[in-house]
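Each chain, written out:
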Amino acid sequence: MKNTFGNAVSMTIFGESHGPAVGAVLDGLAAGLPVDQAAVAAAMDRRRARGDGLSTARTEADEVEFLSGVYRGKTTGTALTLMIRNQNTRSGDYAKTQDLLRPGHADYTAHAKYEGYQDARGGGHFSGRITAASVAAGAVCEGVLRNLGVRVYTHIAACAGVQDAPLSSAAGLLLPEPEPGHFALLDPEKEAAMQQAIRDAGAQGDSVGGILETVVTGLPAGVGEPWFDSVESEISHLMFAIPACKGVEFGAGFAFAGLRGSEANDAFTMQNGVVRTATNRNGGVNGGITNGMPLVFRTVIKPTPSIYKQQHTVDFAAKQDAELQIKGRHDPCIVPRAAVVQNTLTAFGLLDLLTVRYGTLAQKHGLPQK
């Protein structure tokens, strides 16, 4: 099992959903970087469930403990290790159905790979609970990017059939900061309709999915590699590490299939002595490398597979067909909570790419000006 990702900056995740704790280790951070623990706590608050009918009834304090790598509010240059304790587990919810494969989950594939030795409680290491660790670690990376003038912003482009305002409507890319307890939206008036659609699905024992859109500003041109470590490759790799992510597109994405080259190309132009593009259909990337325009991509998040409707499945212990009625505490929609997961993992991936390009000293002293 590979739990480490990154080149110049790496993240290692550990823990299980119903184990004592989940956590992460960040390597490759320069010494002397400020660690804003309040900002980390704010990111954790955006990810946590609130037991309000919009997310799972499993609520956790999600307090981040820094075990190493931080001293007097600054990074030490050694491995930064953080941990979030699990304090509200109910493993008994899964005991009666432990031999029944949950449709849409990793129960069967985990058993096929780990031969029954995996911790299956609450999904174990496959659970979305592990994203608590990546959010905390990614929030540290996001703080570094902000000090470099790089802003990462993710909003709910669509959820349960309700559309947010398009990104183009955010004049000058003045993107609103998500407020505690609220959805990350460009148009806050869309929240009520989204919430109602989620509640309606939950009341029927069902779930819904959606689309998350991320825009990154402040990235210099020239970051990324042309082939296996392209910007799209690294970001996509990280996005598919988010449970329930089933698709990624950059810029116009799949809409390119209906365009001609004359429509798909972004014409170059000079703006205040800097090369820019008149449009941004390619999402800020050409040949796997940033071109200085905003990086724009979207992911699709499938409906939460844990639903309360009766489903047909297999009892793999008895080796026979069976019916499953899932118990426990589950989200009718994970899209609102996944927004900060996408945001912080993007920040981590971009810090890795920037450090590959400019080295660790740039994390502290700034990116070269062109």
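From a predicted model like this one, the values you see are computed outputs, not experimental measurements.

1. Comments concerning the packing of helix α5 (residues 231–239) against helix α7 (residues 335–358)
Argument step 1. α7 packs onto α5 with a crossing angle of 145 degrees between their chain directions and a minimal axis gap of 9 Å. Once α5 is placed against α7, the crossing between them reads as right-handed. In this structure, α5 uses Val231, Glu234, Ile235, Leu238 and Met239 to contact α7, whose residues at the interface are Gln342, Leu345, Thr346, Phe348, Gly349, Leu350, Asp352 and Leu353.
Argument step 2. When grouped by side-chain class, the residues that make up the contact of α5 with α7 number 8 nonpolar, 3 polar and 2 charged.

2. Thoughts on the packing of helix α1 (residues 37–47) against α7
Argument step 1. Where α1 contacts α7, the two axes come as close as 7 Å, and the packing angle between them is 140 degrees. Together, Ala43, Arg46 and Arg47 of α1 and Arg337, Val340, Val341 and Asn343 of α7 make up the contact between the two elements.
Argument step 2. Looking at the contact of α1 with α7 residue by residue, the class counts come to 3 nonpolar, 1 polar and 3 charged.

3. Brief notes about the environment of Ala193
Argument step 1. Mapped onto the secondary structure, Ala193 falls in helix α4 (residues 191–203).
Argument step 2. On the basis of relative accessible area, Ala193 is assigned to the partly exposed category, the value being 38%.
Argument step 3. In the structure, Ala193 is positioned 121 residues away from Arg72 in sequence and 45 Å away in space, judged by C-alpha atoms.

4. Looking at the sheet that holds strand β3 (residues 21–27)
Argument step 1. Reading across the sheet, the 5 strands line up as β1-β2-β3-β7-β4 and stay open at both edges, with antiparallel pairing between neighbours. Looking at which strands have only one partner, the edges of the open sheet turn out to be β1 (4–6) and β4 (64–68). Put simply, the sheet's adjacent strands are angled 20 degrees from each other on average, direction ignored.

5. Concerning the nonpolar core
Nonpolar side chains tend to gather and get buried jointly when the protein is soluble and globular.
Argument step 1. By size, the foremost hydrophobic cluster in this structure holds 75 residues, and its most contacted members are Leu26, Met239, Leu295 and Leu350.
Argument step 2. Considering every element that reaches this core, the biggest residue donor is α7, with 13 residues.
Argument step 3. Setting aside chain neighbours within four positions, we find Leu295 in contact with Thr214, Val215, Val216, Leu219, Val231, Phe250, Gly283, Gly284, Val285 and Leu350.
Argument step 4. Formed by 7 residues, the second largest nonpolar core is a distinct cluster that contains Tyr153, Leu186, Val215 and Val296.

6. Considering α5
Argument step 1. Where α5 is concerned, the buried positions are Val231, Glu234, Ile235, Ser236, Leu238 and Met239.
Argument step 2. Buried positions along α5 lie against β1, β11 (245–250), β14 (285–286), β15 (289–290), β16 (295–301) and α7.

7. Section: the pairing of strand β10 (residues 210–217)
Argument step 1. Judged by how many residues are buried, β10 sits mostly within the fold: 6 of 8 residues are covered.
Argument step 2. The sheet contact formed by strand β8 (residues 151–159) and β10 spans 8 bridges and is antiparallel. The residue of β10 that forms the bridge with Ile156 is Leu212.
Argument step 3. Taken together, the 7 bridges between β10 and β16 define a ladder with antiparallel strand orientation. Note that in β16 the partner of Thr214 across the bridge is Phe297.

8. Describing the pairing of β8
Two faces make up the sheet, and in a regular strand the side chains alternate between them.
Argument step 1. Counting buried positions along β8 gives 9 out of 9 residues, so the element sits mostly inside the fold.
Argument step 2. Taken together, the 2 bridges between β8 and strand β9 (residues 162–163) define a ladder with antiparallel strand orientation. Note that in β9 the partner of Cys159 across the bridge is Val162.
Argument step 3. From the end of β8 to the start of β9, which pair antiparallel, there are 2 residues, and Ala160 there has a positive phi angle of about 55 degrees.

Definitions and limits used
- Residues numbered from 1 in each chain as written.
- Predicted model: local features only at pLDDT ≥ 70, side-chain atom pairs only at ≥ 80, totals over all residues.
- Heavy atoms only, no water.
- Axes fitted to C-alpha atoms, helices over the stretch in contact; angles between N-to-C directions.
- Helix = DSSP H or I, 4+ residues; strand = E, 2+ residues; numbered from the N terminus.
- Left-handed = near helix turned anticlockwise from the far one by under 90°.
- Contact = heavy atoms within 4.5 Å.
- Nonpolar A, V, L, I, M, F, W, Y, C, P; charged D, E, K, R; others polar.
- Buried < 20%, exposed > 50% of the residue type's maximum accessible area, 1.4 Å probe, protein only.
- Pairing = 2+ DSSP bridges.
- Core = buried A, V, L, I, M, F, W, Y, C linked by side-chain atoms within 4.5 Å.

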